[in-house]
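# Coordinate analysis (summary)
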Amino acid sequence: MQVSWKALQSWVPCPKPSEVAEILTRRGIEVETIEDRGAGLDQVVVARILDLAKHPEADRLTLCGVTFGGDRSEIVCGAKNMKVGDCVALALPGARLPNGAKIEKSKIRGVTSNGMLCSEVELGLASESEGILILQGDPRPGDPIVKVLNRDDAILHLKPTANRGDCLGMLGIAREVAAATGAQVCRPEGRKITVGKEPSVAIGSEGVCTEFLLARMVAVKVGPSPKELSDRLEGYGVRAINNVVDCANLTMFELGHPVHTYDAGKIQGTLTARTARSGERMVLLDERDLALQEGDGVIADARGPVALAGVMGGKSSEVSESTVELLLEVAVFPAKAVRRSIRSHALRSDAGARFERGIDPTDTEAVMGRLAWLLEKFAGGRLQGVARAGRGAAPRVLEISQARLSRLLEGSAIARDSKKQAEILSGLGVGVQASGETWKFSIPGHRPDLEIAEDIAEEIVRTVGFESFASVTPPLAEFPRLDPKFEMTLRTKRLLAGLGLNETISYAFTSRATLRKYCGEWADSAVGIANPMSEDQEALVPSLLPGLMGAYLTTRAHQFGSQKSPVGFFEVRPVFSKSDVQPGKTVTGVLESERLGILLAGSVFESAFSQEQRAADARDLAGVIETLFDALQFRGSKIRQGEEIAGYGGVFHPGACASHQVGKQRVAVFGELSPALLGTLKVREKLFFAEIEMGPIGSRSLEARERTFRAPREHPPGERDFAFLVPDSVSAGALVDLLRNEGRPIVESAHVFDRYAGDQVPKGMTSVALRVIFSVEGRSPTESEIDQVVAKLLTRSQEVLGVRLRDR
Amino acid sequence: MDLDALGAEALRRVEAAASVADVDAVRVEFLGKKGKIAASLQSLGALPVSERPKIGALANAWKQKIEAALDARKGILGAAELSARLAQERTDLTLPGRVLRRGSLHPVTQTFEKVARILGRIGFDVTFGPEVETEYLNFDAVNIPGDHPARAMHDTFFINPGVVLRTHTSPVQMRTMLKQKWPVRILCPGAVYRCDSDATHSPMFHQVEGLWVDRNVTIGHLKGVLQYLVEELFGSGTRIRLRSSFFPFVEPGAEVDVSCFQCGKSPRDGCGVCKGTGWLEVLGAGMVHPKLFIEAGYLKEGETPEMTGFAFGLGIDRLAMLLHKINDLRWMFSGDRRFLEQF
């Protein structure tokens, strides 16, 4: 909605545009911009051409002698379309025109020019023009051009909130200004209406229309609108069409109540507001051929629908130059019905926007009176009968106890000042009747949004301002608690950042084609979005990998030079999957599980000398996971390797991936990404990815509990190092498990500290060096105790795993 | 050789030692287990018993004397050697340290934590909810019925009929109220979704909403809490300005402007943060609409509520952009390390 500040002044006395904007914005009618119509024109004045001569040095230039109220002044001009006696627009030195041009006194080919004669383009009046602007109507030289061009105005661009349909009309805006300043609103002229029996009008369905006022106007002359009318419309940002349509539009923009005009010659029989019947169609004014749905509100004549009620008129009864007789519609269409049509046909219109927010149902006669008055003035018509179907709305009355209102206004002095409250409400047109403890408020028709005590309180707040409430420190009724999930997530993120990873946030959606690159299953089973704006929004992510990979690819694409600098990303967010659960009132049927994703690539050090540098590998990733689990006191998961990881088909290198499991529950997967996948993504280095389920980690984490201190041992333990020859089919983890299990209780730990595969060991074998720690409660173990268990360990490891000691 | 001659020779040799290593060699030669003094005492057994203590005492006296001389000489030489070494050794500590990858937390995480810590101190508990929501909880339950024009402002992504990507975190408030009795004092953070996208709008962004429901909660309390929040965020002296506005779930509702933390009390035209207005639009707020209490089961239709409440919401991404002067919302979701590593 936009209104002209000058036009507003004829409705209500008001301060300068910036102050009006401030008033309205504070009252909740946000003024987005103030468009100064005279911007850049303040140094432009009317000048009359006294004489014309050729420029001595340039054929294409003319020397113009002008006056702008004083002595003759000389201007050099390139245009040819002016003659002596013409009035033109002169930009004086110092002017900064709307097109950005800066005007200075300057010498042009040796002759001083004291300004510039302007074209329409230079004045910002048109996007194209030829020659300079010749002013019509004999203006006075020296007058500011803004006056002559009617540009001494400002346009306020407003964004009323969705509950204030009344502010989509000048009347509503004027009321808001008046409520703030205490001034009176001056309504525009209208004609008195007498309701009779003709023309014939009916309501077929109350759901479509509650009141239908129809008037006949004869002897209409359709033609272009006079300047007065088109200028007024321009203030509302609307182009003139013809005098009839323009009067209807002006009525709507002024009073906020949309009206419609029919060519009476093209209407047969009674106009009826009713619901559409199945199979009915109509062509709208915008040429759209609409298949009406059962339940759509329409206005129909004897032959069928002629308008989509409250949204748009039909082509068949459009007013044209041959129209001589009009039917004027001023109706009350319920917001619900109009919203329904707008939504089901995706049709937006100025009328629809007003009806769906709610119009004043009590103003039909006033609106008809204004419309008829305008048409009689600008289209030469004569009113010949007004009829009504349905009945006018009765004003609503709210009963609210005074104590309740005071309570809602607690904290402001207004809470105790019932006299002032009543004054404010009266100023807004709310009738106030105090009878003892209970107040009766009669709500004016233009405020359908006022329904409960809180709404009344808000009206008072809008006027006294939130600043009348003192800031108060609220009392604590209960002690706050730390949220364990919030704390654990932050702790996780901080630790990972400390380990050199960058946290990233990716969109929760992607395309199925992208998902398919990673894993066919992901593409097929991902939760879809029904109305994506683009392909990239068609599916919710089932894994954090696509997002992290996006970060990786973006980062690498912007890195220059030969060095594969380190890349480490992590992200914590839910991923989505379908479930069999039926959606309900509070059940979505979509599963969300919080995950942590980690992606590593490139070198290990951000800064190190080349001989110290090395590429990150799967063990760097494993180390991050171990450190995290330790920090969160998450224990007891086992690493499983050697079987395919369900749900990640094709994602990992089959020989370099594993999962962490607690019993049968998988809590993490990690490993090297599949070379085939990386090939598809055109990645030419190794990437390592882990995805961890935060839910089970959180619920099994001991982090919430305090760690229990264990006194460091007083007696030195026994320590032996072994180098085993391990077949490649046996994992180091299996060997460690065996040593610990078989060595109970004396073996405290076994830890791999080196690994070698190469010429020095047989093919198919790896040398694994382990340090085994032996301990006994309360003393050091004896050599013979250790020897005994070592002998057993060597036998068992040979038997179970085919592992033997490496020869020296 | 007799002990006196041996001792005198040892002292001469100590004096002649040129380095700490020489001193240590002299120590071994004379005082070691197999040293010359020990060797000369080997013959002790051959002496008459009455002589032995005398010789033993003499040997001890010499040992102490030599020991003292050795220590003194070693002290002098050691100091000289150390200063020579220190004069020579140089480690260039201007060389770059050996640095692992430089990690960082996303500005959205940091900003959210900031808000949560501030409001946590005055009793707000952090509460989470799903990102996929039912249409009922996202809209109807928070007073945005099916055909209400306010729904159009939300540009909703649908998953299924009745199931949406949440357009705000208000459904978390509703879930909490459905689960627990009042008083309620919560903070609901998280990603929210709307289908529009340009330099200032992203289809996914982050919000945090606060809700405080109790007996006699007033507009003054709302202002007090917001005032505290913005002073902690932007520095003391930061002011707030509430302008009437409309959000279906509150009544009265307000847009909350915060005085520009960059140009503050004297707005400058050139201020890149507030564009010269002196104010930043950061928050929406208001008093909880009684329809929400009815939906939550706190209140029956037509009853006068015992409880009141306020709610507020702010865009975390926008706040982070203001705090860090980030020029384009799209950086937030770019995954570009050149952006991420700056935080």
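Let us look at the structure shown here. All values reported here derive from a predicted model rather than from experimental measurement.

Turning our eyes to something else, we now look at the overall build of chain A. The helix and strand tally for chain A stands at 21 helices and 40 strands. Against the compact-globule benchmark of 28 Å for 808 residues, chain A has a radius of gyration of 41 Å, which places it well outside the compact range. If you line up chain A on its principal axes, its C-alpha atoms span 125 × 85 × 60 Å. Scored against the burial criterion, the 808 residues of chain A give a buried share of 50%. Across chain A, contacts joining residues at least 24 apart in sequence account for 69% of those joining residues at least 6 apart. Split by element, the accessible area of chain A, about 38,200 Å² in all, is 49% carbon and sulfur.

Attention shifts here to the sheet that holds strand 2 (residues 125–126) of chain B. The strands that make up a sheet pair up through hydrogen bonds in the backbone, lying either parallel or antiparallel. The seven strands are arranged 2-6-7-11-10-9-8 (chain B) in an open sheet whose pairing can be described as mixed. At either end of the open sheet lies a strand with only one pairing partner, and these are strand 2 and strand 8 (240–245) of chain B. Two elements, strand 8 of chain B and strand 9 (residues 250–259) of chain B, share six bridges in a ladder whose sense is antiparallel. By the bridge assignment, Arg241(B) is partnered in strand 9 of chain B with Asp257(B). Helix 12 (residues 453–464) of chain A contacts strand 8 and strand 9 of chain B of the sheet and is inclined by roughly 30° relative to strand 9 of chain B.

All names here are of chain B. The buried fraction of strand 10 (residues 279–288) amounts to eight of the 10 residues, a majority that puts the element mostly inside the structure. With eight bridges connecting them, strand 9 and strand 10 associate as antiparallel partners. Looking across to strand 10, one finds that Ala254 is bridged to Ala285. Here strand 10 runs beside strand 11 (residues 307–315); their pairing, made up of five bridges, is antiparallel. Counted as the bridge partner of Gly284 is Gly313 from strand 11.

So, on to the packing of helix 2 (residues 20–31) of chain B against helix 4 (residues 52–88) of chain B. Residues and elements named next belong to chain B. Their axes nearest at 8 Å, the elements helix 2 and helix 4 cross at an angle of 165°. When the axes of helix 2 and helix 4 are compared, the pair comes out roughly antiparallel. Considering the relative orientation of helix 2 and helix 4, their crossing is left-handed. Here helix 2 contributes Val20, Val23, Asp24, Val26, Arg27 and Leu31 to the contact with helix 4, which in turn contributes Lys63, Ile66, Glu67, Leu70, Asp71, Arg73, Lys74, Leu77, Gly78 and Glu81. Residue composition of the contact of helix 2 with helix 4, grouped by class: seven nonpolar, one polar and eight charged.

Our focus in this paragraph is the interface of chain A and chain B. Counting from both sides, the interface comprises 96 residues of chain A and, opposite them, 96 residues of chain B. Interface area, chain A with chain B, both sides summed: about 8,100 Å², of which 59% is carbon and sulfur. A salt bridge links Glu612(A) to Arg98(B); the nearest nitrogen and oxygen atoms lie 2.6 Å apart. Linking chain A with chain B are 40 residue pairs in polar contact (both at pLDDT 80 or more). As paired strands, strand 32 (residues 605–607) of chain A and strand 1 (residues 99–100) of chain B are joined by two bridges and run antiparallel to one another. In the sheet register, Ser607(A) faces strand 1 of chain B, and the bridge partner there is Val99(B).

This part is about the environment of Ser4(A). Residues and elements named next belong to chain A. Mapped onto the elements, Ser4 comes out in strand 1 (residues 2–4). Assessed through its relative accessible area of 7%, Ser4 is described here as buried. If we skip the residues at most four places from it in the chain, Ser4 touches Asp153, Ala154, Ile155, Met170 and Gly235.

Below, the discussion takes up the pattern of salt bridges. All names here are of chain A. Evaluation of the coordinates by the stated rule reveals 77 salt bridges over all chains. A salt bridge links Glu376 to Arg191; the nearest nitrogen and oxygen atoms lie 2.9 Å apart. Of the two residues, Glu376 is situated in helix 9 (residues 364–378) and Arg191 in the loop between helix 4 (170–181) and strand 12 (195–196); the sequence distance between them amounts to 185 residues. The shortest N-O distance in the salt bridge between Asp620 and Arg614 comes to 3.0 Å.

Let us look at the sheet that holds strand 15 (residues 260–263) of chain A. Residue and element names in this part refer to chain A. Pairing is mixed in the open sheet, where five strands are placed in the order 12-23-14-22-15. Both outer strands of the open sheet, strand 12 and strand 15, are each paired with one neighbouring strand and no more. Inspection of the sheet shows strand 14 (residues 211–218) paired to strand 22 (residues 326–332) by seven bridges, in the antiparallel sense. Across the sheet, Leu213 pairs through a bridge with Val330, a residue of strand 22.

Conventions used here
- Counting starts from 1 at the beginning of each chain's written sequence and moves along it residue by residue.
- Chain letters start at A and ligand numbers start at 1, both assigned in the order the entries are written.
- Residue-level local features of this predicted model are given only where pLDDT is at least 70; pairs of side-chain atoms are given and counted only at 80 or more, and the full residue set underlies all totals for whole chains, interfaces and linings.
- Only heavy atoms go into the side-chain values, all of them from the structure, while hydrogens and water stay out.
- Only runs of H or I of at least four residues qualify as helices and only runs of E of at least two qualify as strands under DSSP, and these elements are numbered from the N terminus.
- The atom set for the radius of gyration is the C-alpha atoms, and the globule formula is 2.2 Å times the number of residues raised to the power 0.38.
- The rule is simple: take the accessible area with a 1.4 Å probe, protein chains only, and divide by the maximum for that residue type; under 20% is buried, over 50% is exposed, in between is partly exposed.
- Residues count as neighbours in contact if any of their non-hydrogen atoms are within 4.5 Å of one another.
- Residue-level accessible areas treat just the shown protein chains as cover; the underlying method is Shrake-Rupley with a 1.4 Å probe.
- Here, strands pair whenever DSSP counts at least two bridges between them.
- Angles here are taken between N-to-C directions and fall from 0 to 180 degrees, while the axes themselves are lines fitted to C-alpha atoms, restricted in helices to the stretch in contact.
- Note that the term roughly parallel is reserved for angles under 35 degrees, roughly antiparallel for angles over 145, roughly perpendicular for angles of 65 to 115, and oblique for everything else.
- Crossing chirality is assigned from the near helix's rotation relative to the far helix, an anticlockwise turn below a right angle marking it left-handed and a clockwise turn marking it right-handed.
- Charged means Asp, Glu, Lys or Arg here, nonpolar means Ala, Val, Leu, Ile, Met, Phe, Trp, Tyr, Cys or Pro, and polar covers whatever is left, Gly included.
- A simple way to read buried area is as the amount of 1.4 Å-probe accessible surface that goes missing from two parts once joined, with both sides added.
- Note on definitions: salt bridges are taken to be side-chain nitrogens of Lys or Arg within 4 Å of carboxyl oxygens of Asp or Glu.
- Pairing of N or O atoms within 3.5 Å defines a polar contact, subject to two protein rules: one partner must be a possible hydrogen donor and the other a possible acceptor, and residues neighboring in sequence count only if both atoms are side-chain atoms.

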